[in-house]
Amino acid sequence: MYAKVIVDVPSKHTNRGFDYLIPETMREWVAIGSRVGVPFGPRKLQGFVVELHDRPDFDPAKLKPISEVMDLYPPLTPDLVELAQWVSKTYLCHEITALQAMIPGALKAKYERHVKVSDIHTNGDYGNLLLQGQRTMLLPIQEEIAAFIRDKGSVEIGALLEKYTDQGGLIKQMITQGQLVEVQMIKDRMSAKKVLTVFPSGQPEQLRQWAELLAARSMKQKEVLLYLAEQPYPIKLTDLLNELGISASTVKSLADKDYLTIKEVEVFRDPYAERNFPRTKPLTLTPEQSQVFNRISEAVHERNHQVFLLHGVTGSGKTEVYLQSIQTCLDQDREAIVLVPEISLTPQMVERFKGRFGNQVAVLHSRLSQGERYDEWRKIMLKQVSVVIGARSAIFAPFTKIGLVIIDEEHESSYKQEESPKYHARDVSIARAKQHGAVVILGSATPSLESMYGTLPEAAQDTPNGRAPIELLTMKERVEGRPLPKVHIVDMREELSKGNRSMFSRGLHKAIEDRLEKKEQIVLLLNRRGYATFVMCRSCGFVAGCPHCDISLTYHQSARTLRCHYCGYTEREATTCPSCGSEHIRHFGTGTQRVEEELGKLFPGIRVIRMDVDTTTEKGSHEKWLTLFRNQQADVLLGTQMVAKGLDFPQVTLVGALAADTVLNLPDFRAAERTFQLMTQVGGRAGRHELPGEVFIQTYTPEHYSIISASNHDYKSFMEKEMTFRKFHDYPPFHRLILITLSHEQIPLLMRSAETLAAKLKELAKSMAPTPIDILGPVASPISRIKDRYRFQCMVKYREEVSIAGLVQQAAATLGDVVKQHKLTISIDVDPQVLM
Ligand SMILES: Nc1ncnc2c1ncn2[C@@H]1O[C@H](COP(=O)(O)OP(=O)(O)OP(=O)(O)O)[C@@H](O)[C@H]1O
Ligand SMILES: [Zn+2]
Ligand SMILES: [Zn+2]
């Protein structure tokens, strides 16, 4: 038997697998999805087994054996290995990149250089070395070093040099003389956590007898045995010590007498261990909910792959439908994956799932420590859970019998990964569900145009080899007939003409006063993108920009610094203009910090919680702020997109969007869609329970259809207008896009390359006529320089039914030499969400 292995070669990634022999001793362990260590040239590298077969490409005698199997169980299931091929083909990335994205960071290989004592030296067989004239007497210190290494098997070179600080020269000598050999080791970044645990050796009766037998002066030891007799279970050593206020030596002496044993036991690092989630029972569904639930549950029972789009207004109770659908899936002994946007993976969301399914649930998101993530993932691996709720990458959970995949807030652009593999979790979910014959629910109050298009009859005819048709399910009403909030559009131009220069319109100002009086709560949204504070000179118009990127610097009040959000470049706030020397240089625009200040001035005593990137970097801070707000220890929750999504607080009756058009002005064809979604979502936080809600949208473009539709809760009219716009311009969902970005330090070389690429693309596209493929560009990217590299882009527009991957790859390959010799970078983004 041979194994085909995709190897992690950092310098030259390839999709080609290499064949290796499986040594007799490893037969039991090597399977598809195994992580293995293999020799590759002079090195040893990590790789994944993607196939087992008995017909190698090469002369089997020349094949090298696998040198190491890294795990007891393969970390990837066979269906994930297959999915990696799909990801690689669809998003034009290397298979190894896709495979790496599927395992937790803790398992990504870390290569270490170790030394070990050479075999010859170990065996004391100096004969050969003598013959070669290499036998050298070792100095006593070298003997000591050799013994130290031999004792441990192998030692990492850095660690060795640290221990024997002054012996660097002698150690090097031992390597050149062959007494020590260098080996490359593959190390995991993380391992299972082990805890010393005390196991009583007998039943309570027995333990009491042993306590009797102990000498009278061994009071403490007696105490331990009697304690264990009361609670005859294994207990963590540290807990026992704390409980009885004794020292470890007391327990050790009992272990020496065999009255108990102390063993290392593997434990899970549980991020939610301290939290107690009250169990909830299924709610009685509303008629709309049951109609939707019945249809889903029927499909789950059929075990056929099927995709639903659940369009339910904010507060219509989509989560309850998810919960009950998951129960149906679990009843059939199948597993469920729930994806939610990172940003809305709040304690509230986790509580709802843990509350219903208890410790059958694993949670995966990026705010966990690497160890916690690894342990949650191992729970899935070891089949200790059957539901996982997590951000984007949780779609790669190593489940083996998936019955249901739910993507909540399916319209969120954060489901698209911006670094390679640039996959869209929504599309990957559908691909994975297809493998398992599983049902997919795409849920949203504001479905993406792509998903909605999939439900239209014309789409099904349009895309013969494309995506499966999607079945639309609708919930138009909030639970218990609660009304959707009343929405006011405020024209900020008019406010200004009436002499109001504040960032709060008169209407919103009054409403805030009113809620403060009634002790109800307020959510204020200040969209960050395009609205960060920048510094400008009012005398000459100079704007402080990043010296390495084509972007203005953002002012951070707390540190009084200017920072680049792309490369991290930081400089001190200037008091005079570097260009003209004027003192009239100051920061413009409204950041969340300024809103907070202004609130304090206008409403003395107001309690504000501010949530933005600055206040939520610390682990657990997200949770902390939301808990404070829920416990009504603040009047206002002020923040960026973070406050717009998924939150369900009964006391919130007022929502203000301070600057609705910040997104609208971005150079992106999805600007209107994003604006509509954000306004609908944030408005949806108001009046979700008994108290009715009210929303103020402040804007400079009150006539825009995205804002008018959002204020009328009218998805349909928005969708129709937006579809017309997209169709007219050949944008998605009618056409698909591939964005190719080239970057280099020198403009002439970059432009030449971009033109070569575009020409090749056009030539290839022509050869595929009459299928419509449009090549746009090359043009400078909207952000034309990042980290001192200039950027140019080409856009490919095509219809779904054409297979375009080969064409793009072929065109990119014509630049192979420039990439190699001049370090040109080519980045390919299929279905791009951000057009920067
Ligand atoms: N059948 C039901 N009976 C009573 N209360 C319900 C029922 N279903 C849901 N609820 C409650 O209604 C509120 C809104 O439900 P939920 O948060 O699930 O809505 P949603 O559709 O997910 O909203 P959003 O899209 O805004 O996040 C919650 O407090 C939930 O507990
Ligand atoms: Zn100036
Ligand atoms: Zn920069």
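The chain is annotated in an unreviewed UniProt entry as Replication restart protein PriA from Paenibacillus baimaensis. Per UniProt, the chain has the following entry under Sequence similarities (unreviewed entry): "Belongs to the helicase family. PriA subfamily." For the record of the chain, the UniProt heading Subunit (unreviewed entry) holds the text "Component of the replication restart primosome."

Here the focus is the overall build of the chain. For the chain, the count of helices and strands is 28 helices and 33 strands. For 836 residues, the compact-globule estimate of 2.2 N^0.38 gives 28 Å, and the chain sits close to it at 32 Å. Viewed in the frame of its principal axes, the chain has a C-alpha envelope of about 95 × 80 × 70 Å. Looking at the 836 residues of the chain, the share that counts as buried comes to 52%. The contacts in the chain between residues at least 6 apart in sequence include a share of 75% that link residues at least 24 apart. Summed over its atoms, the accessible surface of the chain is roughly 38600 Å², and 52% of this surface lies on carbon and sulfur atoms. Counting 104 positive and 101 negative side-chain charges, the chain places the averaged centre of each group 2 Å from the other.

This brings us to helix α13 (residues 318–331). Between its first and last C-alpha, α13 extends 20 Å over 14 residues, near the 20 Å set by a 1.5 Å rise per residue. Note on α13: the residue one or two positions beyond its end, Asp-333, has a positive phi of about 60°.

To continue, consider the packing of helix α26 (residues 747–767) against helix α27 (residues 805–813). Where α26 contacts α27, the axes come no closer than 9 Å and their chain directions differ by 145°. For α26 against α27, the interelement crossing comes out right-handed. Contacts between α26 and α27 pair Leu-757, Lys-760, Leu-761, Leu-764 and Ala-765 from the former with Leu-807, Val-808, Gln-810, Ala-811 and Ala-812 from the latter.

It is worth spelling out the site of ligand 1 at this point. Contacts to ligand 1 come from 21 residues, most closely from Thr-284, Gln-289, Lys-318, Asp-648 and Arg-688. Arg-688 places a polar side-chain atom, nitrogen or oxygen, 2.7 Å from an oxygen atom of ligand 1. In isolation ligand 1 offers 640 Å² of accessible surface; the protein chains occlude 87% of this area. Looking at the shell around ligand 1, the element that brings in the most residues is α13, giving three residues. In the shell around ligand 1, the residues fall into four nonpolar, nine polar and eight charged.

The subject of this paragraph is the UniProt feature "binding site: Zn(2+) 2" (unreviewed entry) in the chain. According to UniProt, the "binding site: Zn(2+) 2" (unreviewed entry) feature falls on Cys-546, Cys-549, Cys-564 and Cys-567. These residues run over 22 residues, yet every pair of their C-alpha atoms falls within 8.7 Å of each other. On the secondary structure map, Cys-546 appears in the loop between β21 (534–537) and β22 (554–556). Excluding its chain neighbours within four sequence positions, the residues that come into contact with Cys-546 are Ile-551, Leu-553, Cys-564, Cys-567, Tyr-569 and Arg-785. Among residues more than four places away in sequence, those in contact with Cys-549 are Cys-564, Tyr-566, Cys-567, Arg-785, Ile-786 and Lys-787.

On the surface, Trp-29, Leu-72, Tyr-73 and Leu-382 cluster together to form a nonpolar patch covering roughly 430 Å² of accessible area. Here Tyr-73 shows up in the loop between β5 (68–69) and α1 (78–90).

Turning our eyes to something else, we now look at the side chain of Lys-318. Within the secondary structure, Lys-318 sits in helix α13. Here Lys-318 is buried and forms no salt bridge, its nearest opposite-charge partner Asp-408 lying at an N-O distance of 6.0 Å. Within polar-contact distance, the side chain of Lys-318 engages the backbone oxygen of Val-313 at 3.3 Å. Excluding residues that lie within four positions of it along the chain, Lys-318 makes contacts with Leu-310, Gly-312, Val-313, Ser-444, Ala-445 and Met-475.

Reading across the sheet, the four strands line up as β31-β32-β30-β33 and stay open at both edges, with antiparallel pairing between neighbours. If you trace the sheet from one side to the other, it starts and ends with β31 (773–786) and β33 (825–830), each paired once. Strand after strand, the sheet turns through a mean of 20° between neighbouring axes, direction not considered. As defined by bridge partners, strand β30 (residues 736–744) adjoins β33 across six bridges and the pair is classed as antiparallel. Each bridged residue has a counterpart across the sheet, and for Thr-741 the counterpart in β33 is Ser-827.

Moving on to the side chain of Gln-417. Relative to the assigned elements, Gln-417 resides in the loop between β16 (402–407) and α16 (425–436). Within polar-contact distance, the side chain of Gln-417 engages the side chain of Arg-392 at 3.3 Å. Here Glu-419 takes part through its backbone oxygen, which lies 3.3 Å from a polar atom of the side chain of Gln-417. Setting aside its immediate chain neighbours within four residues, Gln-417 contacts Arg-392, Lys-422 and Tyr-423.

In this section: the sheet that holds strand β28 (residues 652–657). Spatially, the six strands line up as an open sheet ordered β19-β29-β28-β20-β27-β26, and their pairing is parallel. Every interior strand has two partners, whereas the edge strands, β19 (486–491) and β26 (608–611), have only one. Within the sheet, the average angular offset between the axes of one strand and its neighbour, ignoring direction, is 15°. Seen against the sheet, helix α20 (residues 506–518) touches β20 (521–525), β28 and β29 (694–699) and runs at an angle of roughly 155° to β28. Across the face of the sheet, helix α22 (residues 621–630) comes into contact with β20, β26, β27 (636–639) and β28 while running at roughly 150° to β26.

What the rule picks out here adds up to 37 salt bridges. Of the charged contacts, one joins Arg-493 and Asp-491 as a salt bridge, the two residues approaching to 3.2 Å between their closest N and O atoms. Accessibility expressed as a relative area gives 41% for Arg-493, which makes it partly exposed. The class for Asp-491 is buried, based on a relative accessible area of 19%. Arg-785 serves as the salt-bridge partner of Asp-788, at 3.7 Å between the closest nitrogen and oxygen. Using a relative accessible area of 17% as the deciding quantity, one classes Arg-785 as buried. One salt-bridge network, held together by shared partners, links Asp-514, Arg-515, Lys-518 and Glu-694.

When you tally the buried positions in strand β13 (residues 335–339), you get five out of five residues, the bulk of the element. Every second residue of β13 is oriented toward a common face, with Glu-335, Ile-337 and Leu-339 on one face and Ala-336 and Val-338 on the other, all of them buried. For β13 and β16, the ladder comprises five bridges, and the chain directions are parallel. The residue bridging Ala-336 from the neighbouring strand is Leu-404, located in β16.

Right, let's get into the nonpolar core. Membership of the largest hydrophobic core comes to 113 residues, with the highest contact counts inside it found for Ile-337, Val-388, Leu-637, Ile-738, Leu-761 and Val-796. In terms of residue count, the dominant contributor to this core is α26 (eight residues). When neighbours within four sequence positions are excluded, Val-796 is seen to be in contact with Arg-736, Leu-737, Ile-738, Ile-740, Leu-761, Ile-773, Asp-774, Ile-775 and Ile-804. One finds Leu-323, Val-350, Val-439 and Met-475 within the second-largest nonpolar core, a separate group that totals 30 residues.

Glancing now at helix α14 (residues 347–357). Since there are 3.6 residues in each turn of an α-helix, residues three or four apart along the chain are aligned in direction. In terms of burial, α14 is a largely internal element, nine of the eleven residues being buried. Within the span of α14, buried status applies to Pro-347, Gln-348, Met-349, Val-350, Phe-353, Lys-354, Gly-355, Arg-356 and Phe-357. Against the buried residues of α14 lie α13, β13, β14 (361–364), β15 (387–390) and α22. Phi for Gly-358, located one or two positions after α14, is positive at around 55°.

Conventions we followed
Residues numbered from 1 in each chain as written. Chains lettered and ligands numbered in written order. Predicted model: local features only at pLDDT ≥ 70, side-chain atom pairs only at ≥ 80, totals over all residues. Heavy atoms only, no water. UniProt positions renumbered as here; feature names shortened; annotations may be inferred. Helix = DSSP H or I, 4+ residues; strand = E, 2+ residues; numbered from the N terminus. Rg over C-alpha atoms; globule rule 2.2 N^0.38 Å. Buried < 20%, exposed > 50% of the residue type's maximum accessible area, 1.4 Å probe, protein only. Contact = heavy atoms within 4.5 Å. Areas by Shrake-Rupley, 256 points an atom, 1.4 Å probe, with all protein chains shown as cover. Lys, Arg positive; Asp, Glu negative; His and termini not counted. Charge placed at Lys NZ, Arg CZ, Asp CG, Glu CD. Expected span 1.5 Å × (residues − 1). Axes fitted to C-alpha atoms, helices over the stretch in contact; angles between N-to-C directions. Left-handed = near helix turned anticlockwise from the far one by under 90°. Near = heavy atom within 4 Å. Polar contact = N/O pair within 3.5 Å; in protein donor to acceptor, adjacent residues only side chain to side chain. Nonpolar A, V, L, I, M, F, W, Y, C, P; charged D, E, K, R; others polar. Patch = residues over 30% accessible without salt bridge, like charges linked within 9 Å, V, L, I, M, F, W, Y side chains within 5 Å. Salt bridge = Lys/Arg side-chain N within 4 Å of Asp/Glu carboxyl O. Pairing = 2+ DSSP bridges. Core = buried A, V, L, I, M, F, W, Y, C linked by side-chain atoms within 4.5 Å.

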